[in-house]
Amino acid sequence: MRECSPLHKERLNYKPKLAGILANGIKNVKISFGKNTTAVKDAADIQNLFKDVYGQPLVSFSNEGEALNFEQKNVGVILSGGQAPGGHNVIAGLYDALKAANPNNVLYGFLGGPSGIIDNKYVKFDDNFIDKYRNTGGFDIIGSGRTKLETEEQFEKTLQNCKTLNINAIVIIGGDDSNTNACMLAQWLKAKNAGIQVIGCPKTIDGDLKNDQIEISFGFDTATKTYAELIGNIQRDANSAKKYWHFIKLMGRSATHVGLEVALQVQPNITLISEEVEAKKQSLESIVDYITDIVVKRSDMGKNFGVALIPEGLIEFIPEMKTMISNLNDILAVLEKDEKFVNAQNSEKYQIIESKLEGQNAKVFNSLPEMIKAQLLMDRDPHGNVQVSKIETEKLLIEMVRARLKALKAQGKYNGKFSDQAHFFGYEGRCAMPSNFDADYCYSLGYNAFALIQAGLTGYLSSVKNLTAPATQWKAGGVPLTMMMNMEKRHGVMKPVIQKALVDLNGPVFKVFEQRREKWALNDCYVFPGAIQYFGPCDVCDTTTLTLQLEQQKVPVAQN
Ligand code: FBP
């Protein structure tokens, strides 16, 4: 058997484009310091919790400013949280910068996520090791995990293990929760005067780790292109057979950036946007009304088929559900320590929960089908989030639409056929072979992380901007992690966290979608994007998401 596919083999030789100044080599990079920063919200609390790393200035790299310091460095890297295409290239960029700065520098990879640094499980990278993973998808180079680094004991072990390996800096590649951990570790190490820096890199297919300084998290580009390819194929199938309604739940946890980007790429009949549902205070019933109305109208036109996109986190944005889930989270935070409850049958658990839920919440919980109740009771992730990937919202909606159609049929208001297919696209996109954009962006983020290390900084996120321009014009720098933080309730307690970026309903991306969705609902305007291309014209291979292009006004808002 061959060891890898011809495309895989070809991709190992791809030379990622480096951002602007970084392409001149790490030794030619100079640093400039901007203004001191504050937190996005709850500044006093954040300052109090992160006394030693709070308020640092933004930094940028160019060929002017202060030179970096090229002392020998040993660095440890961790992949944290859900996989996202391009993680291997962050490590490759970090490794190449580190070796270009000083061949005696060493890069260690901690295995299985943050737990690797606590348990001292690691590998030492060399050229052979890295070369096998260049431009490939997945996080299997060292594995990932969701352990939350937050206790004194974990920090002590981290320090001891870093001392043993003589590590001077740790790079944490992760999303909002993982970079919150990075900031906590940076603060703890700084307060101890440990001489160990911590730098983060913005990862997540969800696209919600973004703000004025971070234009996009890596992986979003490749994952959305992968989902768009699959959904384009489904649309063509639906339009050929003309017999199924496809309800497709799309990953993205809370925010609907993935759903919105994919909708703009493929133009389906229905796309629900969680943020809009919340803003308009839509109930579950009214969402079902909206879908049913389109199903009926299409059926009246002789079209008993269609495609509906459902965001993964929808349930948490429906106001009555949100209130109930928040109440449920607080209750479960207490009950999960009660052995009797933990070992009880589900039916018994529902009774206990209903007796503890306040006011309307008990009624809302009780109204849900058994399947959804059980899914809502599943363990929270280590950061206290409901595991929305396990909640089958697409099936819930199918059942409710079916019941509504049955009632309409009985009243003689609907005479169609509703045959459904439920899908969940998430894991299919998280380890796809990175697009050229993600391969280049990730390599630059890793390379840039090492420039931040050489600048002696800690508590910063690697930042590469101006991403709709060619890579030669990308701008490299660093953002203090505390600048992005605020206080939020987790596991029933207020905690510092990096603020998630939700879809901006007044922003250009949603506006374009809003202008067009009505037309897409009834007319079949399907677009079939096809597979990601790695070789060929730049506009086919290197262009990034419509989201970023619209945000940076690179495509006219009123087109089509
Ligand atoms: P991150 O925020 O860690 O990048 O994870 C993203 C994600 O893919 C979400 O979209 C999804 O809800 C979740 O991970 C699934 O988690 P798991 O991999 O633990 O099933």
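Anything mentioned here points back to the structure above.
In every chain, residue numbers begin from 1 and rise along the written sequence. For a predicted model such as this one, the threshold for reporting local features is a pLDDT of at least 70, and the threshold for listing and counting side-chain atom pairs is 80 or more; totals across whole chains, interfaces and linings nevertheless cover every residue. Side-chain descriptors were evaluated using all non-hydrogen atoms of the structure, hydrogens and water having been removed beforehand.

1. Some remarks on the overall build of the protein chain
In this description a helix means any DSSP run of H or I spanning at least four residues, a strand means any run of E spanning at least two, and both kinds are numbered starting from the N terminus. Looking only at helices and strands, the protein chain features 22 helices and 16 strands. Atoms considered for the radius of gyration are the C-alpha atoms alone. The globule rule reads 2.2 Å times the number of residues to the power 0.38. On C-alpha atoms alone, the protein chain measures out to a radius of gyration of 24 Å, which is about the 24 Å that the 2.2 N^0.38 rule sets for 560 residues. If one aligns the C-alpha atoms of the protein chain with their principal axes, the spans along those axes are about 80 × 60 × 55 Å. When accessible area is computed with a 1.4 Å probe and restricted to protein chains, residues below 20% of their type maximum are described as buried, those above 50% as exposed, and intermediate ones as partly exposed. Among the 560 residues that make up the protein chain, the fraction classed as buried is 58%. Within the protein chain, contacts between residues separated by at least 24 positions form 78% of all contacts whose residues are at least 6 apart in sequence. For the accessible areas, the method is Shrake-Rupley and the probe is 1.4 Å, while residue cover comes only from the protein chains on display. Entry remark: accessible area of the protein chain is about 22600 Å², with carbon and sulfur atoms responsible for 49%. Distance between charge centroids for the protein chain: 2 Å, based on 63 positive and 63 negative side chains. Residue contacts are defined here by distance: any two heavy atoms, one from each residue, within 4.5 Å place the two residues in contact. Neither His nor the chain termini are counted; the positive set is Lys and Arg, and the negative set is Asp and Glu. Here the site of a charge means atom NZ of a Lys, CZ of an Arg, CG of an Asp or CD of a Glu.

2. What about the state of the cysteines?
Cysteine pairs can be linked by a disulfide, which is a covalent bond between their two sulfur atoms. The disulfide criterion used throughout: a pair of cysteine sulfur atoms within 2.5 Å. Counted by the stated rule, this structure contains zero disulfides. Of all cysteine sulfurs, the one in Cys-442 lies closest to Cys-201, which takes part in no disulfide; the gap is 8.7 Å.

3. Focus: helix α8 (residues 220-241)
One fewer than the residue count of a helix, multiplied by 1.5 Å, yields its expected span. The end-to-end C-alpha distance of α8 is 31 Å, a good match for the 32 Å that 22 residues give at a rise of 1.5 Å each. Just downstream of α8, Lys-242 is the residue with a positive phi angle, here 55°.

4. Considering the site of the ligand
The environment of the ligand is made up of Gly-81, Gly-82, Arg-146, Lys-203, Thr-204, Asp-206, Met-251, Gly-252, Arg-253, Glu-312, Tyr-427 and Arg-430. Contacts to the ligand include Glu-312, whose side-chain N or O atom sits 2.9 Å from an oxygen atom. By the criterion applied in these results, polar contacts are pairs of N or O atoms within 3.5 Å in which, for protein atoms, one can donate a hydrogen and the other can accept it, and in which residues neighboring in sequence qualify only through two side-chain atoms. Contact distances for the ligand include 2.9 Å between an oxygen atom and a side-chain N or O atom of Arg-430. Considered on its own, the ligand offers 480 Å² of accessible surface; in the complex 87% of this is hidden by protein. All amino acids are sorted into three groups, where Ala, Val, Leu, Ile, Met, Phe, Trp, Tyr, Cys and Pro are nonpolar, Asp, Glu, Lys and Arg are charged, and the leftover types, Gly among them, are polar. Class assignment of the residues belonging to the shell around the ligand gives a composition of two nonpolar, four polar and six charged. Each residue is tested against the molecule or strand, and it is near if at least one of its non-hydrogen atoms lies within 4 Å.

5. Some words on the packing of α8 against helix α9 (residues 257-266)
In this analysis an axis means a line fitted to C-alpha atoms, helices contributing only their contacting stretch, and an angle means the value between N-to-C directions, from 0 to 180 degrees. Contact pair α8 / α9: the axes reach a minimum separation of 9 Å and the direction vectors enclose 50°. Taken together, the axes of α8 and α9 are oblique relative to one another. α9 is crossed by α8, and the crossing has right-handed handedness. Counting all contacts with α8, which are made through Phe-220, Thr-224, Lys-225, Tyr-227, Ala-228, Ile-231, Gly-232 and Gln-235, the residues of α9 involved are His-257, Val-258, Glu-261, Val-262, Gln-265 and Val-266. Its residues assigned to classes, the contact of α8 with α9 comprises seven nonpolar, five polar and two charged. Roughly parallel here means an angle under 35 degrees, roughly antiparallel means over 145, roughly perpendicular means 65 to 115, and every remaining angle is called oblique. Each helix crossing is assigned a hand: it is left-handed if the near helix lies turned anticlockwise from the far helix by less than a right angle, otherwise right-handed if that turn is clockwise.

6. Describing the pattern of salt bridges
For this document, the term salt bridge refers to a Lys or Arg side-chain nitrogen within 4 Å of an Asp or Glu carboxyl oxygen. Across all of its chains, the model carries 24 salt bridges by this definition. Linking Asp-524 and Lys-303 is a salt bridge whose minimum nitrogen-to-oxygen distance equals 3.4 Å. Taken together, the residues Asp-524 in the loop between α20 (508-522) and α21 (538-541) and Lys-303 in the loop between α11 (284-300) and β11 (306-311) connect sequence positions 221 residues apart. For Asp-524, a relative accessible area of 29% puts it in the partly exposed group. For Lys-303, a relative accessible area of 14% gives the class buried. A salt bridge links Arg-402 to Asp-420; the nearest nitrogen and oxygen atoms lie 2.1 Å apart. A residue pair is termed long-range when its members are at least 10 positions apart, and Arg-402 in helix α17 (residues 393-410) and Asp-420 in strand β12 (residues 420-425) qualify at 18 residues. The class for Arg-402 is partly exposed, based on a relative accessible area of 32%. For Asp-420, a relative accessible area of 24% translates into the label partly exposed. Taken together, the salt bridges that share partners define one network made up of Lys-17, Asp-440 and Asp-542.

7. Remarks on the nonpolar core
Generally speaking, a soluble globular protein has its nonpolar side chains buried in company with each other. The biggest cluster of nonpolar side chains holds 86 residues, and the ones touching the most others in it are Ile-91, Val-171, Tyr-227 and Ile-231. Top element by residues in this core is helix α19 (residues 436-454). It accounts for eleven residues. Once residues lying within four places of it in the same chain are set aside, the contact partners of Ile-231 are Ile-248, Leu-250, Val-262, Val-266, Val-307, Leu-309 and Phe-425. By nonpolar core we mean a set of buried residues, namely Ala, Val, Leu, Ile, Met, Phe, Trp, Tyr and Cys, connected to one another through side-chain atoms within 4.5 Å. Grouped together as the second largest cluster of nonpolar side chains are 48 residues, Ile-287, Val-296, Phe-365 and Leu-405 included.

8. Concerning the pairing of strand β15 (residues 485-490)
Any two strands with at least two DSSP-identified bridges between them are counted as paired. The pairing of β15 with strand β16 (residues 493-498) spans six bridges and is classified as antiparallel. Bridging across to β16, Met-487 finds its partner in Pro-496. The turn joining β15 and β16, which pair antiparallel and follow one another in sequence, is formed by two residues; a positive phi near 50° is taken by His-491.

9. Focus on the sheet that holds strand β10 (residues 270-271)
Taken in spatial order, the four strands make up an open sheet running β10-β11-β9-β12, and their pairing is parallel. Of all strands in the sheet, those with a lone pairing partner are β10 and β12, marking the two edges. Looking at chain direction, strand β9 (residues 245-250) and β11 are connected through six bridges and run parallel. The residue of β11 that forms the bridge with Trp-245 is Gly-306.

10. Quick notes on the pairing of strand β13 (residues 460-465)
Along β13, five of the six residues are buried, which leaves the element largely enclosed by surrounding structure. Sheet topology note: the β13/strand β14 (residues 475-480) ladder contains six bridges and is antiparallel. When the bridges of β14 are listed, Ser-463 appears paired with Gly-477.

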